[in-house]
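Okay, here's what each chain looks like letter by letter:
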Amino acid sequence: MTVPNRVPSLLTRAGTASVLTFAAFGGGVAAPGLAAEAQAATLGSKALKVAASKKGAPYRYGATGPYSFDCSGLTLYSFKKAGKTLPRTAAQQYNRSTHVSASRRKPGDLVFFHSGSYVYHVGIYAGSGKLWHAPKTGDVVRLQKIWTRSVWYGRVR
């Protein structure tokens, strides 16, 4: 006995079907931009996990890991492990990222600290107003609340 394909009956009975209903019965949906968004989210979430795994690693100016980091060294290392190569400095990383507003930021996005147009620090957004970063000499990689409004956000694609 074969099971009839229920998608046509669902479509004809109501005239339409929800995307979830369609997908539940094996249908596919293509929407422009969604694949890129999903890829960026996966990339960012992987990089975020890598950065979190480096909790407690010492800050060292110019270091790019795996045992010590400066701010952009941590982001470079984290995204490289996630499968994406970034430039070396915070400013270069800002210029390479897709800029997003604070209202559209997502965990895994880069957080750029700036003074005027000068970008001087970077970390990875962790959600709930916090980021993973390598703060300064004498400190360690850690999760911290974002302490200023002078930040920009960038998404790595």
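Higher on the page you've got the structure.
Residues numbered from 1 in each chain as written. Predicted model: local features only at pLDDT ≥ 70, side-chain atom pairs only at ≥ 80, totals over all residues. Heavy atoms only, no water.

## Here we look at the overall build of the chain
Counting its secondary structure elements, the chain contains five helices and six strands. Secondary structure elements of the chain occur, N-terminal to C-terminal, as α-α-α-α-α-β-β-β-β-β-β. Burial analysis of the chain (157 residues in total) assigns 39% to the buried set. Pairs at least 24 residues apart make up 51% of the contacts formed inside the chain by residues separated by at least 6 positions. Approximately 9,400 Å² of the chain is accessible, and the part contributed by carbon and sulfur atoms is 56%. (Helix = DSSP H or I, 4+ residues; strand = E, 2+ residues; numbered from the N terminus. Buried < 20%, exposed > 50% of the residue type's maximum accessible area, 1.4 Å probe, protein only. Contact = heavy atoms within 4.5 Å. Areas by Shrake-Rupley, 256 points an atom, 1.4 Å probe, with all protein chains shown as cover.)

## A short note on the nonpolar core
The nonpolar side chains of soluble globular proteins are, as a tendency, buried together. By size, the foremost hydrophobic cluster in this structure holds 25 residues, and its most contacted members are Phe69, Phe79, Leu110, Ile124 and Val141. Within the residue set of this core, elements represented by two or more residues are α3 (34-53), α4 (71-82), α5 (90-96), β2 (110-115) and β3 (118-127). Phe79 has contacts with Leu43, Gly44, Ala47, Lys84, Leu86, Gly108, Leu110, Ile124 and Val156, leaving out every residue within four places of it along the chain. Residues Val100, Phe113, Tyr125 and Val151 belong to the second largest nonpolar core, which totals eight residues. (Core = buried A, V, L, I, M, F, W, Y, C linked by side-chain atoms within 4.5 Å.)

## Concerning the sheet that holds strand β6 (residues 151-155)
Backbone-to-backbone hydrogen bonds join strands into a sheet, with any given pair of strands oriented parallel or antiparallel. Overall, antiparallel pairing links the six strands, which are arranged β1-β6-β2-β3-β4-β5 in an open sheet. Two strands lie at the open edges of the sheet, namely β1 (98-100) and β5 (142-145), each paired on one side alone. Strand after strand, the sheet turns through a mean of 45° between neighbouring axes, direction not considered. Strand contacts of α4: β2, β3 and β4 (130-133), with the helix running at about 45° to β3, the strand carrying the most contacts. (Pairing = 2+ DSSP bridges. Axes fitted to C-alpha atoms, helices over the stretch in contact; angles between N-to-C directions.)

## Quick word on the pattern of salt bridges
For the coordinates displayed, the defined rule picks out three salt bridges. Arg88 is the salt-bridge partner of Asp70, the closest N and O atoms lying 2.8 Å from each other. With Asp70 in the loop between α3 and α4 and Arg88 in the loop between α4 and α5, the pair connects residues that are 18 residues apart, well separated along the chain. Residue Arg88 is classed as partly exposed on the basis of its relative accessible area of 27%. One salt bridge connects Arg142 with Asp139, and the closest N-O pair in it is separated by 2.9 Å. For Arg142, a relative accessible area of 29% puts it in the partly exposed group. (Salt bridge = Lys/Arg side-chain N within 4 Å of Asp/Glu carboxyl O.)

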